[in-house]
Amino acid sequence: MKKYIFTPLLSLTLVLFALVSCDKDDDTPAPKTKTELITSGTWKFQSASAGGVDISTAPQIACFVDNTITFSSATAGSISEGAVICAPTTAGPFTWNFATGETELVLSGPLIPGGTNTFTIVSLNETNLVVSQNVNFPPPTLITITFKH
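What counts, and where the lines are drawn
- Residues numbered from 1 in each chain as written.
- Predicted model: local features only at pLDDT ≥ 70, side-chain atom pairs only at ≥ 80, totals over all residues.
- Heavy atoms only, no water.
- 1 Å grid on protein atoms, 1.4 Å probe; cavity = no way out; pocket = protein on both sides within 12 Å on 5 of 7 lines; lining within 4 Å.
- Points joined across faces, edges and corners; volume = space filled by probe spheres on them.
- Helix = DSSP H or I, 4+ residues; strand = E, 2+ residues; numbered from the N terminus.
- Nonpolar A, V, L, I, M, F, W, Y, C, P; charged D, E, K, R; others polar.
- Salt bridge = Lys/Arg side-chain N within 4 Å of Asp/Glu carboxyl O.
- Buried < 20%, exposed > 50% of the residue type's maximum accessible area, 1.4 Å probe, protein only.
- Core = buried A, V, L, I, M, F, W, Y, C linked by side-chain atoms within 4.5 Å.
- Disulfide = S-S within 2.5 Å.

K.L.:
Looking at this structure, how should I read empty space enclosed by the protein?
P.N.:
Gaps between atoms show up when a probe of the same size as a water molecule is rolled over them. Evaluation of the coordinates by the stated rule reveals one cavity of 30 Å³ or more. The computed volume of the largest cavity comes to approximately 60 Å³. Lining the largest cavity are Ile69, Phe71, Leu105, Leu107, Leu111, Phe119, Leu129, Val131 and Phe147. Counting only elements with at least two residues in the lining of the largest cavity, the list comes to β3 (68–71), β6 (104–107) and β8 (128–135). Here the residues of the lining of the largest cavity are counted per class, giving nine nonpolar, no polar and no charged.

Below, the structure is given as structure tokens:
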């Protein structure tokens, strides 16, 4: 009788040991934080829309489309003018931070004429930064700007 109990008990013990020792390695890296994403490189203009209409080639923003933006640390950054210089220029250093649970990007100064220094973050990932804000152009309009690495 002991022989019949011993064999299933041994089998059950071996199965349980095998299941417990089968540890799935989770080598998936932790997702990057928004700070890591935004400071991972230089951002270049990709497109812009006003009220849902593409304005990427509008002459009014020609001096902005060749600028680059670098968020170099968790609080500092700089804008570099391209070949077409804005008047007044937006080039130079700035400070920044996230606000409202990292759903807003606040710069120390406005990025576009008629705008404010606070942008709503539409999306931020490894390759794209999409921000929007209401701008007081006649009439007030929602501007959305996409930057890429």
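So, next bit.
K.L.:
How should the pattern of salt bridges be read in this particular structure?
P.N.:
A side chain of one charge can pair with a side chain of the opposite charge if their charged atoms are brought near each other. On inspection of all chains with the given rule, the structure shows one salt bridge. Residue lysine 32 pairs with glutamate 126 through a salt bridge whose shortest N-O separation is 3.5 Å. Of this pair, lysine 32 sits in the loop between α1 (2–21) and α2 (34–38) while glutamate 126 sits in the loop between β7 (118–124) and β8, and the two are 94 residues apart along the sequence. Given the relative accessible area of 44%, glutamate 126 is considered partly exposed.

K.L.:
What is the right way to read unusual backbone geometry from this model?
P.N.:
Glycine aside, residues mostly have negative phi angles, and peptide bonds mostly take the trans form. Each neighbour pair has its own omega, and for alanine 87 with proline 88 the value is 0°, a cis peptide bond. Among the structural elements, proline 88 can be located in the loop between β4 (76–80) and β5 (92–99). Look at threonine 100: it is not a glycine, yet its phi comes out positive at around 50°. Here threonine 100 shows up in the loop between β5 and β6. Relative accessible area serves as the criterion here: at 54%, threonine 100 is assigned to the exposed category. The phi dihedral of glutamate 102 falls on the positive side, at around 65°, and the residue is not glycine. One can find glutamate 102 in the loop between β5 and β6.

K.L.:
Just to check I follow, could you spell out the nonpolar core for this structure?
P.N.:
Inside soluble globular proteins, nonpolar side chains tend to come together where they are buried. Ile38, Phe71 and Leu105 are the most contacted members of the largest nonpolar core, which totals 31 residues. Looking at this core, the elements that each hand over two or more residues are α2, β1 (42–50), β3, β5, β6, β7, β8 and β9 (141–148). Ranked by residue count, the leading element in this core is β1, at four residues.

K.L.:
How should I be thinking about the state of the cysteines in this particular structure?
P.N.:
In protein structure, a disulfide is the covalent linkage between the sulfur atoms of two cysteines. Here the structure, examined in full by the defined rule, presents one disulfide. Between the sulfur atoms of cysteine 63 and its disulfide mate cysteine 86 the distance is 2.2 Å. Handedness of the cysteine 63-cysteine 86 disulfide follows from its S-S torsion of about 105°: it is right-handed. Residue cysteine 63 is found in the loop between β2 (53–54) and β3, and its partner cysteine 86 is found in the loop between β4 and β5; the two are separated by 23 residues along the sequence. Both residues of the pair, cysteine 63 and cysteine 86, belong to the buried class.

As far as function goes, none of this settles anything; it's purely spatial.
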